[in-house]
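Report on the structure
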Amino acid sequence: MSVETGGPILFYDGVCGLCDRLVQFVLRRDRRRCFRFAALQSAAAAEALGRFGKNPEDLDTVYVLTGDGRLLQKARAIFYLMGQLGLPWSLLAIFAI
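Residues numbered from 1 in each chain as written. Predicted model: local features only at pLDDT ≥ 70, side-chain atom pairs only at ≥ 80, totals over all residues. Heavy atoms only, no water.

1. Examining the state of the cysteines
Tallying each qualifying case throughout the model produces zero disulfides. In this model C16 remains outside any disulfide bridge; the closest cysteine sulfur is found in C19, 3.3 Å from its own. (Disulfide = S-S within 2.5 Å.)

Printed below as a string of structure tokens:
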């Protein structure tokens, strides 16, 4: 997977049940099909996160690499994600303030 092209990428722990539920949640609600997904254990995650000085072996977080090249993690990543899903989920993004 090329991390240089396409929409935002959600990096998640590939063996975490909660992370799997998050991916399934996004897949069902991403009407525009803009999100791509990669496990933190993947080569794509190692390449992308390494450029930001992040360790993909840090499995206690999720990351979103936005389409404009920003790397968001934890709550900021989730709020960004919700904001991109459209109504009613985008209303949750107001809590990012």
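Moving on from the coordinates now.
2. What about the environment of G69?
By secondary structure assignment, the location of G69 is in the loop between β3 (63-65) and β4 (71-73). Between the alpha carbons of G69 and A48 there is a distance of 9.9 Å; along the sequence they are 21 residues apart. (Helix = DSSP H or I, 4+ residues; strand = E, 2+ residues; numbered from the N terminus.)

3. Description of the environment of A75
With respect to the secondary-structure elements, A75 resides in helix α3 (residues 74-84). Separated by 12 residues in the primary sequence, A75 and Y63 have C-alpha atoms spaced 9.3 Å apart.

4. Re helix α2 (residues 43-50)
For α2, the full list of buried residues reads A44, A45, A48 and L49. The buried residues of α2 occupy an angular sector of 110° when the element is viewed end-on, so they sit on one face. Looking at the buried side of α2, the elements it contacts are β1 (9-12), β2 (36-39), β3 and β4. (Buried < 20%, exposed > 50% of the residue type's maximum accessible area, 1.4 Å probe, protein only. Arc of directions from axis to C-beta. Contact = heavy atoms within 4.5 Å.)

5. Quick look at unusual backbone geometry
Phi is positive for R33, close to 55°, though the residue is something other than glycine. Looking at the secondary structure, you find R33 in the loop between α1 (17-29) and β2. A relative accessible area of 57% places R33 in the exposed class.

6. A look at the pairing of β1
Of the two faces of β1, the one holding I9 and F11 and the one holding L10 and Y12 are both buried throughout. Two strands pair when backbone bridges link them, and β1 and β2 are joined in this way by four bridges, in the parallel orientation. Residue pairing in the sheet places L10 in a bridge with F37 of β2. Handedness of the β1-α1-β2 crossover: right-handed. Both β1 and β3 contribute to a ladder of three bridges, which runs antiparallel. Looking at the pairing, L10 lines up with V64 of β3. (Pairing = 2+ DSSP bridges. Right-handed = clockwise from strand over helix to strand, strands pointing away.)

7. Remarks on the nonpolar core
Among soluble globular proteins, nonpolar side chains are generally buried collectively. Among the nonpolar cores identified, the biggest contains 18 residues, and L10, V26, F35, V62, L81 and L85 are the most heavily contacted of them. Elements with a minimum of two residues in this core: β1, α1 and α3. Per-element accounting of this core gives the leading share, five residues, to α1. When neighbours within four sequence positions are excluded, V26 is seen to be in contact with F35, F37, L81 and L85. One finds I9, L40, A44 and A45 within the second-largest nonpolar core, a separate group that totals 11 residues. (Core = buried A, V, L, I, M, F, W, Y, C linked by side-chain atoms within 4.5 Å.)

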